[in-house]
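# A look at the structure
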Amino acid sequence: MPHRFVRRWGGLLVGCWLLGACASTHGRGAPSQYALDSLRASCLKNPLYCATVSGREVATGPVQTVGAAVASAAAVGHALTPEMKTSLKEEMEKCADKARTEVLSRLKGTFAGLVPKAAECRAMTVDAQGRSVTWAIRLGLEMHEVALACAQAKLGELRLKFSLKPRYRFNQETKEKSLITPEEKAELLRQGGEQLKGTLEPDVVIHTGDPLLVLVVYDFKFRCVGFEKEPEWRRYPEGHRYAGQLQGDIYRDAFGPEVHLIGPRKGMFW
């Protein structure tokens, strides 16, 4: 981690040994308008230092840090300061920039120009799982994969407790939500997946150690064509449980006001 970023956070966080065990990461959905799904990112660096990986808890003991011991916001009152929120959002935006640049770099020569045109985005291709999808969906999937791996590495360095793509049931009337375990999701998929419709699956959830006690949510969005407009929350279609409503509004209803849409802002391909 750059020294400047460590220094910026150093005075705000305390010893990692206060935290105990880490949380879990859950779930993977089907491709959608913004390709909200991602291929499951593997644990980076030392798996003992990863906050979450593949739906399993990873217990951690005391760890060594540069200059001082650090811990998640959960250890200092289950809160994130304004400065921490600003820094975290900046780091997630860097992950989005990295994802777009990295994916388009390895596909250089695939499209007529440096970035795909609208017709190329609609053209069909095959994703990493052998499914027939549009280029828009494939690019979204691959960019999400890079962005989530980047987020895992950055948040792991900060010893934050977080989950990648956890899946929740949410009752909009009572405001109650519950976590769907990977095992339960797998069983529901075997049954056809009908009971997963209307569930919520944000990309990155920072929490207190309990995924139901959410501190902040980040959701990555990647446009296939151009950057004249910033990425937008999708509107749920007819027949959906939240038909006509914006995804961001439902997320804020379920997880609180600290819900942020993250798209690339800088990078090689614009």
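Above this text is the structure in question.
Our subject in this report is the structure included herewith. The numbers attached to residues start from 1 for each chain and follow its sequence in the written order. Thresholds applied to this predicted model are a pLDDT of at least 70 for local features of residues and 80 or more for the giving and counting of side-chain atom pairs; totals over whole chains, interfaces and linings are not thresholded and use all residues. Neither water nor hydrogens contribute to the side-chain values; these are computed over all heavy atoms in the structure.

### Looking at the pattern of salt bridges
By definition here, a salt bridge exists when the distance from a side-chain nitrogen of Lys or Arg to a carboxyl oxygen of Asp or Glu is within 4 Å. The full count for this structure, using the stated rule, is 19 salt bridges. We note a salt bridge from glutamate 93 to arginine 265, for which the minimum N-O separation is 3.1 Å. One end of the pair, glutamate 93, is in helix α2 (residues 82-106); the other, arginine 265, is in the segment after β8 (259-262), and 172 residues separate them in sequence. Here's how the labels work: a residue is buried when its accessible area is under 20% of the maximum for its type, exposed when over 50%, partly exposed in between, all with a 1.4 Å probe on protein chains only. On the accessibility criterion, arginine 265 (41% relative accessible area) is partly exposed. The salt bridge partner of aspartate 253 is lysine 175, with a shortest N-O separation of 2.9 Å. Of the two residues, aspartate 253 is situated in helix α6 (residues 247-255) and lysine 175 in the loop between β4 (167-171) and β5 (176-180); the sequence distance between them amounts to 78 residues. The way it works is that DSSP assigns letters per residue, a run of H or I at least four long becomes a helix, a run of E at least two long becomes a strand, and they are numbered from the N terminus.

### Observations regarding the packing of aromatic side chains
Any pair of Phe, Tyr and Trp rings, taking the six-membered ring for Trp, is counted once the centres come within 6.5 Å. Such a pair is stacked with planes under 30 degrees apart, edge-to-face with planes over 60 apart, and tilted for the rest. A full pass over the atoms with the stated rule returns 6 aromatic pairs. Plain terms: the ring middles of tyrosine 236 and tyrosine 242 are 5.7 Å apart, the flat faces sit at 50° to each other, and that makes the pair tilted. Of the aromatic side chains, those joined through ring pairs into one cluster are Tyr168, Trp233, Tyr251 and Phe255.

### Here's the deal with the pairing of strand β7 (residues 214-220)
Regular strands show a simple pattern: their side chains alternate between the two faces of the sheet. β7 sits mainly inside the fold: 7 of its 7 residues count as buried. In this antiparallel pair of consecutive strands, strand β6 (residues 204-207) and β7, the connection spans 6 residues, and glycine 209 shows a positive phi of 120°. At least two bridges found by DSSP between two strands is the condition for calling them paired.

### A look at the nonpolar core
For soluble globular proteins, nonpolar side chains are generally found buried alongside one another. Formed by 35 residues in total, the largest nonpolar core has its most connected members in Leu88, Leu139, Leu155, Val204, Ile206, Tyr218 and Phe220. Tallying contributions element by element places helix α4 (residues 135-157) first for this core, with 9 residues. Should any heavy atoms of two residues lie within 4.5 Å, those residues are considered in contact. Once you skip the residues sitting within four places of it in the chain, leucine 139 turns out to touch Val103, Leu104, Leu107, Phe111, Pro116 and Cys224. The term nonpolar core refers to a set of buried residues drawn from Ala, Val, Leu, Ile, Met, Phe, Trp, Tyr and Cys, joined through side-chain atoms within 4.5 Å. Counting 15 residues, the second-largest nonpolar core is a separate cluster that includes Phe170, Val214, Trp233 and Tyr251.

### With respect to the state of the cysteines
To count as a disulfide, a pair of cysteine sulfur atoms needs to be within 2.5 Å. Per the stated rule, a full pass over the model turns up 2 disulfides. Cysteine 95 shares a disulfide with cysteine 150; S-S distance 2.1 Å. The chirality of the disulfide connecting cysteine 95 with cysteine 150 is left-handed, given an S-S dihedral of about -75°. In this pair, cysteine 95 is assigned in helix α2 and cysteine 150 in helix α4, connecting sequence segments 55 residues apart. Taking the relative accessible area as the measure of exposure, cysteine 150 reaches 9% and is therefore buried. Disulfide pairing is shown between cysteine 121 and cysteine 224; the S-S distance is 1.9 Å. In this structure the cystine formed by cysteine 121 and cysteine 224 twists about its S-S bond by roughly -95°; its chirality is therefore left-handed. Of this pair, cysteine 121 sits in helix α3 (residues 118-122) while cysteine 224 sits in the loop between β7 and α6, and the two are 103 residues apart along the sequence. Owing to a relative accessible area of 6%, cysteine 121 belongs among the buried residues under this scheme.

### Section: unusual backbone geometry
Not every positive phi belongs to a glycine, and arginine 159 is a case in point at roughly 60°. On the basis of relative accessibility, which here comes to 13%, the residue arginine 159 falls in the buried class. Phi at lysine 165 is positive, roughly 50°, even though this residue is not glycine. Position of lysine 165 relative to the elements: it lies in the loop between β3 (162-164) and β4. Overall, the relative accessible area of 2% leaves lysine 165 in the buried class.

### Observations regarding the sheet that holds β8
The mixed open sheet is built from 4 strands, whose spatial order is β3-β6-β7-β8. Single-partner strands in this sheet number two, and they are β3 and β8. On average, each strand axis in the sheet is tilted by 15° relative to the strand beside it, whichever way the strands run. With 4 bridges joining them, β7 and β8 adopt parallel strand pairing. Helix axes are fitted only over the stretch in contact, all axes being lines through C-alpha atoms; the angle between N-to-C directions runs from 0 to 180 degrees.

### Let's talk about the packing of α2 against α4
The interhelical angle for the contact between α2 and α4, taken along N-to-C directions, is 140°, at an axis separation of 8 Å. Taken as axis vectors, α2 and α4 run oblique relative to one another. Relative to α4, α2 is oriented so that their crossing is right-handed. Residue-level inspection shows Leu88, Glu91, Met92, Cys95, Lys98, Ala99, Arg100, Glu102, Val103, Leu104 and Arg106 of α2 in contact with α4, the latter providing Leu139, Glu142, Met143, Val146, Ala147, Cys150, Ala151, Lys154 and Leu155. For classification purposes, angles smaller than 35 degrees are called roughly parallel, those larger than 145 roughly antiparallel, those between 65 and 115 roughly perpendicular, and all remaining angles oblique. Note on convention: the crossing is left-handed when the near helix lies turned anticlockwise from the far helix by less than a right angle, right-handed when the turn is clockwise.

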